[in-house]
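# Working through the structure, step by step
The chain contents come next:
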Amino acid sequence: MRAPRAQCPMCGRSVALMPTRRPGYGTIHDHKKDRRSLILCAGSMQHMALSEALVWQDALPGASEEHEPAATLF
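Because the structure is predicted, anything quoted here is derived from the model rather than measured.

### A few points about unusual backbone geometry
Even without being a glycine, M45 presents a positive backbone phi close to 65°. One can find M45 in the loop between β3 (25–28) and β4 (47–49). Note on M45: relative accessible area 44%, which makes it partly exposed.

### A closer look at the environment of M48
Along the chain, M48 turns up in strand β4. Apart from residues no more than four positions distant in its own chain, M48 is found in contact with A6, Q7, P9, L17, G24, Y25, G26 and I28.

### Some points on the nonpolar core
By size, the foremost hydrophobic cluster in this structure holds 7 residues: A6, C8, V15, L17, I28, C41 and M48. Beyond its immediate sequence surroundings of up to four residues, A6 is in contact with R13, S14, V15, L17, M48, E52, A53 and L54.

### Here we look at the pairing of strand β2 (residues 14–19)
As paired elements, strand β1 (residues 3–7) and β2 share 3 bridges and run antiparallel to each other. Directly across from A6, in β2, lies its bridge partner V15. Connecting β1 to the antiparallel partner β2 that follows it, the hairpin turn spans 6 residues, and G12 within it adopts a positive phi of roughly 85°. Counting the residues in the hairpin turn of β2 and β3 gives 5 residues, including G24, whose phi is positive at 85°.

Scoring rules and cut-offs
- Residues numbered from 1 in each chain as written.
- Predicted model: local features only at pLDDT ≥ 70, side-chain atom pairs only at ≥ 80, totals over all residues.
- Heavy atoms only, no water.
- Helix = DSSP H or I, 4+ residues; strand = E, 2+ residues; numbered from the N terminus.
- Buried < 20%, exposed > 50% of the residue type's maximum accessible area, 1.4 Å probe, protein only.
- Contact = heavy atoms within 4.5 Å.
- Core = buried A, V, L, I, M, F, W, Y, C linked by side-chain atoms within 4.5 Å.
- Pairing = 2+ DSSP bridges.

Rendered as C-alpha cells:
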C-alpha cells in the first residue's frame, strides 16, 4: 500500500492523508501545532484531494497487507 502525504494548509507541515469513504480524497491526519504542545493544528481532520499529495510513501519492505496466522504448536 502506498500512503499519500500532503502539506497542511494551516501550518505547512508534511502530514499523512488517511483514507476516507469518498473516492479520490483523504483526511489530514491529526497533528499538533508544536511538537511539545497539546493543542492540535486547525488543519487536522480536513479533507483534501489525493491529487494534491506531495509524496507517496511506499510500504516498508517485508510488511505485507495480509496477516499470516501465528505459528502454534497444535
